Amino acid sequence: MTDLNRRHGLNPPHSEVVNACQHIAPCDALDMGCSNGRNALYLGEQGFNVTAVDSNANAIGMLQSIVAQEGIGNVDAQVYDINQAALQADFGFISCTVTLMFLDPGRVETVIADMQAHTVPGGANLIVCAMDTTAHPCPIAFPFTLNEGQLGALYQGWEMLKYNEDLGTMHNGAQLQFATMLARKPA
Ligand SMILES: C[S@@+](CC[C@H](N)C(=O)[O-])C[C@H]1O[C@@H](n2cnc3c(N)ncnc32)[C@H](O)[C@@H]1O
C-alpha cells in the first residue's frame with residue numbers, strides 16, 4: 001500500500017499494475033475505468049504522465065480532489081464513457097483492470113481495437129478481465145466476460161509479456177477465471 005493511497009482511504013494498487021511497472025518505463029499512460037484512482041495515483045508516483053478516465057463522475061471528482069489536495073501535476077482525471085471507443089490521444093501504456101466486464105458487450109472488441117490503435121509502437125496494454133468458460137462458468141452476472149483464448153486472439157502479433165487465464169477464488173469462496181494480459185505492441 002502506498003502512503004498516498006492509505007492517506008486517502010484507497011485500496012493498494014492492483015498487483016498487475018505494480019507488476020507492469022517492472023516492465024514499462026514511465027511514459028504517457030491511460031488508466032481506463034480508474035474509479036477513484038488507486039492505480040492512477042500509483043502510476044503517477046512511479047513517474048508516468050497519467051490520464052485517468054471513468055464514467056462515474058463522483059469517482060472522478062474524488063480523484064480530482066486528491067490530485068488538487070496533493071498538488072499532483074501528472075495525473076489528469078476525466079469523465080469518459082469507454083463504450084464510445086473514441087480515444088483522443090496516443091499512449092505508451094494503457095491499463096484496463098477489472099473494467100471490461102462492465103462495458104456494453106457489443107462494444108468491447110471495438111474498445112480494444114481503439115486501445116490498440118492509440119498505443120504507440122512499442123507501447124503496452126494491460127488487461128485483467130473475468131471469464132466465462134465451460135469448465136468454470138462465471139458465477140457473477142457481469143454484462144461482459146471473455147471466452148477461452150479470446151483476449152489472446154485479439155492481440156495476435158503483440159508480444160505477450162504476461163498471459164494467463166488462471167482460476168482465482170473470491171472472498172466468498174466462488175471460483176472465477178480471469179484473463180490477465182500484459183502485451184507489447186510491435187515497435
Ligand atoms: C471494478 S472497478 C475497477 C476500477 C480499477 N480499474 C481498479 O483496478 O480498481 C470498474 C470501474 O469501471 C468503471 N466503468 C464501468 N463502465 C464504464 C464505462 N462505460 N466507461 C468508463 N468507466 C466505466 C466503473 O465506474 C468502475 O469505476
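Below: a short report on this structure. Predicted, not measured: the structure shown is a model, and the values here were computed from it.

Cut-offs and rules
Per chain, residue numbering runs from 1 following the sequence as it is written. Totals for whole chains, interfaces and linings use all residues, but because this is a predicted model, local features are given only for residues with pLDDT of at least 70 and pairs of side-chain atoms are given and counted only at 80 or more. Water and hydrogen atoms play no part in the side-chain values, which are based on all heavy atoms of the structure. Numbering of helices and strands runs from the N terminus, with a helix taken as a DSSP run of H or I at least four residues long and a strand as a DSSP run of E at least two residues long. With C-alpha atoms as the basis for the radius of gyration, the globule rule is written as 2.2 Å multiplied by the number of residues raised to the power 0.38. Exposure classes here rest on a 1.4 Å probe applied to the protein chains alone. A residue is buried below 20% of its type maximum, exposed above 50%, and partly exposed in between. Here, two residues are considered to be in contact whenever any of their heavy atoms come within 4.5 Å of each other. Only the protein chains shown count as cover for residues, and all accessible areas are computed by the Shrake-Rupley method using a 1.4 Å probe. When charges are counted, neither His nor the chain ends are considered; positive counts come from Lys and Arg and negative counts from Asp and Glu. To locate a charge, take NZ of a lysine, CZ of an arginine, CG of an aspartate or CD of a glutamate. The criterion is simple. A nonpolar core is a set of buried Ala, Val, Leu, Ile, Met, Phe, Trp, Tyr and Cys residues joined through side-chain atoms within 4.5 Å. Strand pairing follows a simple DSSP-based rule, namely that at least 2 bridges must link the two strands. The criterion for a residue being near a molecule or strand is simple. One of its heavy atoms has to lie within 4 Å of it. Here a polar contact is recorded for every N or O atom pair within 3.5 Å, except that within protein the pair must consist of a potential hydrogen donor and a potential acceptor, and residues adjacent in sequence are included only if both atoms are side-chain atoms. Three classes are used: nonpolar for Ala, Val, Leu, Ile, Met, Phe, Trp, Tyr, Cys and Pro, charged for Asp, Glu, Lys and Arg, and polar for all others, with Gly counted as polar.

This part covers the overall build of the protein chain. Counting secondary structure elements, the protein chain contains six helices and eight strands. Shown N-terminal to C-terminal, the secondary structure of the protein chain runs as helices and strands in the order α-α-β-α-β-α-β-β-α-β-α-β-β-β. For a compact globule of 187 residues, the expected C-alpha radius of gyration is about 16 Å, and the protein chain comes in at 16 Å, within 12% of that figure. Dimensions along the principal axes, computed over C-alpha positions, put the protein chain at roughly 50 × 40 × 30 Å. Taken across its 187 residues, the protein chain has 49% of its residues classed as buried. Sequence-distant contacts, at least 24 apart, represent 66% of the contacts inside the protein chain between residues at least 6 apart. Accessible surface, the protein chain: about 8500 Å² in total, of which carbon and sulfur atoms supply 48%. Seen as two clouds, the 7 positive and the 18 negative side-chain charges of the protein chain have centres 6 Å apart.

Moving on, we get to the nonpolar core. Within the largest apolar cluster, 32 residues are counted, with the highest numbers of intra-cluster contacts made by M32, L100, I112, M115, I127, L151 and Y155. Those elements giving two or more residues to this core turn out to be β1 (28–32), β4 (91–97), α5 (108–117), β5 (119–130) and β8 (175–184). Those residues in contact with L151 that sit more than four places away from it in its chain are I112, I127, L146, Y163, A179 and M181. Counting residues in hydrophobic clusters, the runner-up holds 25 residues, among them V17, A77, L126 and L182.

Moving on: the pairing of β4. Strand residues, when the strand is regular, have side chains that alternate between the two faces of the sheet. Buried residues dominate β4, accounting for seven of its seven residues. Sheet analysis places β1 next to β4, joined by three bridges and oriented parallel. From the neighbouring strand, D31 faces β4, where its bridge partner is S95. Across six bridges, the pairing between β4 and β5 is parallel. Bridge pairing in β5 links F93 to A124.

Let us now look at the site of the ligand. What surrounds the ligand is a group of 16 residues, the closest being G33, R38, D54, D81 and T97. One nitrogen or oxygen atom from the side chain of R38 is found 2.6 Å from an oxygen atom belonging to the ligand. Contact distances for the ligand include 3.4 Å between a nitrogen atom and a side-chain N or O atom of N83. With the chains in place, 81% of the 600 Å² that the ligand exposes on its own is no longer accessible. Looking at the shell around the ligand residue by residue, the classes come out as five nonpolar, eight polar and three charged.

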